[in-house]
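Observations on chain architecture
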Amino acid sequence: EPEVTQTPSHQVTQMGQEVILRCVPISNHLYFYWYRQILGQKVEFLVSFYNNEISEKSEIFDDQFSVERPDGSNFTLKIRSTKLEDSAMYFCASRTRGVTYEQYFGPGTRLTVT
Amino acid sequence: SQQGEEDPQALSIQEGENATMNCSYKTSINNLQWYRQNSGRGLVHLILIRSNEREKHSGRLRVTLDTSKKSSSLLITASRAADTASYFCATDVLKGAQKLVFGQGTRLTINP
């Protein structure tokens, strides 16, 4: 069964450093998402991406964040200058066209900012 | 506004018993989905129920949706130790990119 994959599974970085989290969505999917979950809290929407552009973003997704689909298969989330409060689990998700299709989530990248 | 508020926040039952978790939401939705998350792991999709459906079954799972009350319930029958996890409901709204809005989740513990 096709699945969303994410790398790395765990990333440790120092405050102020740039990180890139990578995702490979399911191949025939058209909508891509990033969510994050701070430890012990609920999953929060960050950004959605469709047709090579951001379709919606949350208040969390400020100028420090960017997304890219550089080669038609990978979908990346970049944080330019990490803060301590960026420590969280980051999930990538994708879905196919339509209004009733489920979002498939990757296993997540645990980001620890020290 | 908050969407997908689950209750209870934590539930502990004996293996073999049924577990019921509830979810309430505030705005009109396309679908409501339930996900499971084992501690520190990814989100596993369990079941999706459309806004025009009232009940759906998948194996030991039964989901109901009451759009008039803006609420849903997830029933796990004949629980097993492996069902121990956090369960989240997630709603997607009628417009936009259909982002999912998650609740705080119910932490379910199945005691052997």
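Refer to the structure printed above.
Only a predicted model underlies this, so the values are computations on that prediction, with no experimental measurement involved.

A short note on the overall build of chain B
When its secondary structure is counted, chain B shows zero helices and 11 strands. Scanning chain B from its N terminus toward the C terminus, one meets helices and strands in the order β-β-β-β-β-β-β-β-β-β-β. The C-alpha atoms of chain B give 13 Å as radius of gyration, which agrees with the globular expectation for 112 residues (13 Å, within 12%). C-alpha atoms of chain B, sized along the principal axes, occupy 45 × 30 × 20 Å. In chain B, which comprises 112 residues, the proportion classed as buried is 46%. Taking the intrachain contacts of chain B between residues at least 6 apart in sequence as the baseline, contacts between residues at least 24 apart amount to 55%. Of the accessible surface of chain B, which amounts to about 5200 Å², a share of 44% is contributed by carbon and sulfur atoms. The distance from the centre of the 14 positive side-chain charges to the centre of the 10 negative ones in chain B is 6 Å.

Let's talk about the environment of B:A19
All names here are of chain B. Its place among the elements puts A19 in strand β3 (residues 19-24). As for A19 and I110, which are separated by 91 residues in sequence, their C-alpha atoms are 9.1 Å apart. Once you skip the residues sitting within four places of it in the chain, A19 turns out to touch L11, I13, L74, L75, I76 and L108.

Details of the nonpolar core
Counting 22 residues, the largest nonpolar core has B:L32, B:W34, B:L74, B:I76, B:Y87 and B:L108 as the members making the most contacts within it. Every element with two or more residues in this core is listed here: β2 (10-14), β3, β4 (29-37), β5 (43-50), β7 (61-66), β8 (71-76), β9 (85-93) and β11 (106-111) of chain B. Setting aside residues no more than four positions away along its own chain, B:L74 makes contact with B:A19, B:T20, B:M21, B:W34, B:L46, B:L61, B:R62, B:V63 and B:Y87. Formed by 21 residues, the second largest nonpolar core is a distinct cluster that contains A:I26, A:I79, A:L111 and A:V113.

Some thoughts on the interface of chain A and chain B
Contacts between chain A and chain B engage 23 residues on the former and 22 residues on the latter. Overall, the association of chain A and chain B removes approximately 1800 Å² of surface from exposure, summing both partners, and the carbon and sulfur fraction of that is 51%. At the boundary of chain A with chain B, the tally comes to one salt bridge. Where B:K99 meets A:E56, a salt bridge forms, and the shortest distance between an N and an O atom there is 3.1 Å. Summed over the shared surface of chain A and chain B, the result is five residue pairs in polar contact (both at pLDDT 80 or more). Elements represented by at least two residues in the side of chain A that touches chain B include exactly β4 (31-37), β5 (43-50), β6 (53-57) and β9 (88-95) of chain A. Class assignment of the residues belonging to the side of chain A that touches chain B gives a composition of 10 nonpolar, eight polar and five charged.

Thresholds applied
Residues numbered from 1 in each chain as written. Chains lettered and ligands numbered in written order. Predicted model: local features only at pLDDT ≥ 70, side-chain atom pairs only at ≥ 80, totals over all residues. Heavy atoms only, no water. Helix = DSSP H or I, 4+ residues; strand = E, 2+ residues; numbered from the N terminus. Rg over C-alpha atoms; globule rule 2.2 N^0.38 Å. Buried < 20%, exposed > 50% of the residue type's maximum accessible area, 1.4 Å probe, protein only. Contact = heavy atoms within 4.5 Å. Areas by Shrake-Rupley, 256 points an atom, 1.4 Å probe, with all protein chains shown as cover. Lys, Arg positive; Asp, Glu negative; His and termini not counted. Charge placed at Lys NZ, Arg CZ, Asp CG, Glu CD. Core = buried A, V, L, I, M, F, W, Y, C linked by side-chain atoms within 4.5 Å. Buried area = accessible area lost by both parts, 1.4 Å probe. Salt bridge = Lys/Arg side-chain N within 4 Å of Asp/Glu carboxyl O. Polar contact = N/O pair within 3.5 Å; in protein donor to acceptor, adjacent residues only side chain to side chain. Nonpolar A, V, L, I, M, F, W, Y, C, P; charged D, E, K, R; others polar.

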